[in-house]
Amino acid sequence: MTDLKSRLGEAVAAAFAAEGVASDKVRVTASDRPDLADFQSNAAMAVAKAHGTNPRDLAGRVVARLKGHEDLTSVEVAGPGFINLVVSPAALTSRAAEVMADDTRRGAEPVDRARRVIIDYAGPNVAKPMHVGHLRSSIIGESLKRLFRFRGDKVWGDAHFGDWGFQMGLLIVACADEGLGTPFMATDGPFPADSPVTLEDLERLYPAAAARAKAEPEFRDRARKATAELQGGHAGYRALWAHFVAVSRSALEREFGALGVTFDLWNGESDADPLMAGMILDLEKKGLLVEDAGARVVHVAGPGETRKKKLDDGSVIEVPSPPPLLVVSSEGSAMYGTTDLATILDRRNRIDPELVLYVVDERQAEHFEQVFRAARLAGYASEGELEHLGFGTMNGPDGKPFKTRAGGVLKLHDLITMATDKARERLKEARLGDDLSPEAFEDTAHKVAVAALKFADLSNARTTSYIFDLDRFTSFEGKTGPYLLYQSVRIKSLLRKAGDGVPADAAIRVDDPAERDLVLTLDAFSGAVADAYDKRMPHLVAEHAYRLAQSFSKFYAACPILGADDATVRASRLALARTTLAQLELALDLLGIATPERM
């Protein structure tokens, strides 16, 4: 089952090849002028010069070969060599039937060869509340996990906790100073089974300890020593650390659950700890680990790769680019690069993935470049196996990363609460949900809030930043998540009113221009999914969902459905509505957005 654009692309490529032109520049796209054609090819203008021919003449010869193609009503040359293609009603009817009958993929093609894929996203830190900075990684990573799994890959989503670095040493020392973890300061057990700290304690202790570390060298040195001792196996510290992790995870699961984000692996940096000693020895044996000012690093820059660095005295020197990867600090502690490198090794041993995607802020690009190069140098990963999928920031009206009015970082829980409050307000303004029970209304408000946040994020290209505007995001008009939910609920209402009037074997007829447009949009789902997968860009699925909702809205306005005079036409249009709903809900599910039954 191939989409129309692909089928026509193959036909056009074959016609060009028959004219002696075989090129990867020969392709078919949706027409820029849908009033003139459904699809177009500009290939003649792209390849004619290299083949010593006139673009319009070449296009004319290709068109002659395409005349009479079973999928086309007409094929014409326009302008200097555009090829315009109009799909036949029979091809549209056949394609609509394929999409309608495809209960699993709704017209989308799976990958040719499934792979083992790990997607590392969210990256929450133990002892720190999740904030708006975690939103994009969580939303994008969840969508990519669903998209890759939908296309047929075997996918593991990994939260990858930050649970083994300097912040753990800070908390241990802070607990000791307040007397909260006194029994855990011993090196021998047994240790209390109950946690000496609550989530509120951790949220209070960590920022205070981080501030002290900056202001008090003695406190900072104690925290560094505690970090090294934790990683070295101090039994009491490890028992206390386990409580930090358990308390934090319960809060993280609450926030992720509210967003509909799930993980197959809840691994953290600490899970790679058993491999680190052996890995460091391996790096030594391979001659990769070298001394540098008391620390130990891996030089990852290639010969001659440098960048300019300005020193404090104003002078400029050339330094390796990217810089060396710090593996062991001067205090003997493992660093972020160490745990990331060991995690690559751990994943290879446990899963042996063919692809690992890291959905992490673009500002971490250099760090991942260092880690990936070190992994390849050590033989822990092959070329192309590791990808950093950076993303832009969610900004406030000032264009800077979003903050609270007081200038602080907004907690993710507070953001979700804000969005839900606004969703309730919007529903009441629009007189939507008036007939729902209080429980159903709350469920709908939550779904509207999550749709608003997720679609606002995923409708933007992953690599771009965007302005947070909750009033716009929660609107039921325009390019928003709530608008898409409203369209899906409207189709559900239509189908309920039809009752048994939607025969399971109803055939879709394509007569009206609005029906043509809707079927062509349904056909485009396969291409949108494939492009989003290949480019790692979920916004392409979001764009399709919005176009599909718009196409249905035009169809709904132009083509009477329940009021159709002819029973066959009525059944056809109801079948088309049902097929649209199925694909729209699938597209939204790939974005991590759930739809309510009623509003």
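Residues numbered from 1 in each chain as written. Predicted model: local features only at pLDDT ≥ 70, side-chain atom pairs only at ≥ 80, totals over all residues. Heavy atoms only, no water.

1. Considering helix 20 (residues 567-590)
A turn of α-helix holds 3.6 residues, and therefore any two residues three or four places apart point the same way.
Line of reasoning, step 1. Between its terminal C-alpha atoms helix 20 stretches 35 Å, which fits the 34 Å expected from 24 residues at 1.5 Å a residue.
Line of reasoning, step 2. Between the side-chain oxygen of the N-cap and the backbone nitrogen of T568 there are 2.7 Å, and the N-cap of helix 20 in question is D566.
Line of reasoning, step 3. With its phi angle positive at about 85°, G592 sits one or two positions after the end of helix 20. (Helix = DSSP H or I, 4+ residues; strand = E, 2+ residues; numbered from the N terminus. Expected span 1.5 Å × (residues − 1). Polar contact = N/O pair within 3.5 Å; in protein donor to acceptor, adjacent residues only side chain to side chain.)

2. Comments concerning the sheet that holds strand 8 (residues 295-298)
Line of reasoning, step 1. Taken in spatial order, the three strands line up as 7-8-11 in an open sheet, and their pairing is antiparallel. Across the chains shown, the open sheet's two edge strands, defined by having one partner strand only, are strand 7 (289-292) and strand 11 (325-328). The mean angle between the axes of side-by-side strands here comes to 45°, regardless of whether they run parallel or antiparallel. (Pairing = 2+ DSSP bridges. Axes fitted to C-alpha atoms, helices over the stretch in contact; angles between N-to-C directions.)

3. Side note on the nonpolar core
Line of reasoning, step 1. Core analysis: the biggest nonpolar cluster contains 190 residues, and F16, L85, F244, L283, Y380 and L415 have the highest contact counts within it.
Line of reasoning, step 2. Once you skip the residues sitting within four places of it in the chain, Y380 turns out to touch M279, D282, L283, K286, L341, I344, L345, R348, A375 and E385. (Core = buried A, V, L, I, M, F, W, Y, C linked by side-chain atoms within 4.5 Å. Buried < 20%, exposed > 50% of the residue type's maximum accessible area, 1.4 Å probe, protein only. Contact = heavy atoms within 4.5 Å.)

4. Quick word on the side chain of E515
Line of reasoning, step 1. Relative to the elements of secondary structure, E515 occurs in helix 17 (residues 513-523).
Line of reasoning, step 2. For E515, a relative accessible area of 2% translates into the label buried.
Line of reasoning, step 3. Reaching out from E515, the side chain makes a polar contact with the backbone nitrogen of D511 at a distance of 2.8 Å.
Line of reasoning, step 4. Aside from chain neighbours lying at most four places away, what touches E515 is R509, V510, F555, C559, R573 and L576.

5. Here's the deal with the side chain of D273
Line of reasoning, step 1. Structurally, the position occupied by D273 is in helix 10 (residues 273-285).
Line of reasoning, step 2. Those residues in contact with D273 that lie beyond four places of it in its chain are W164, Q231 and R238.

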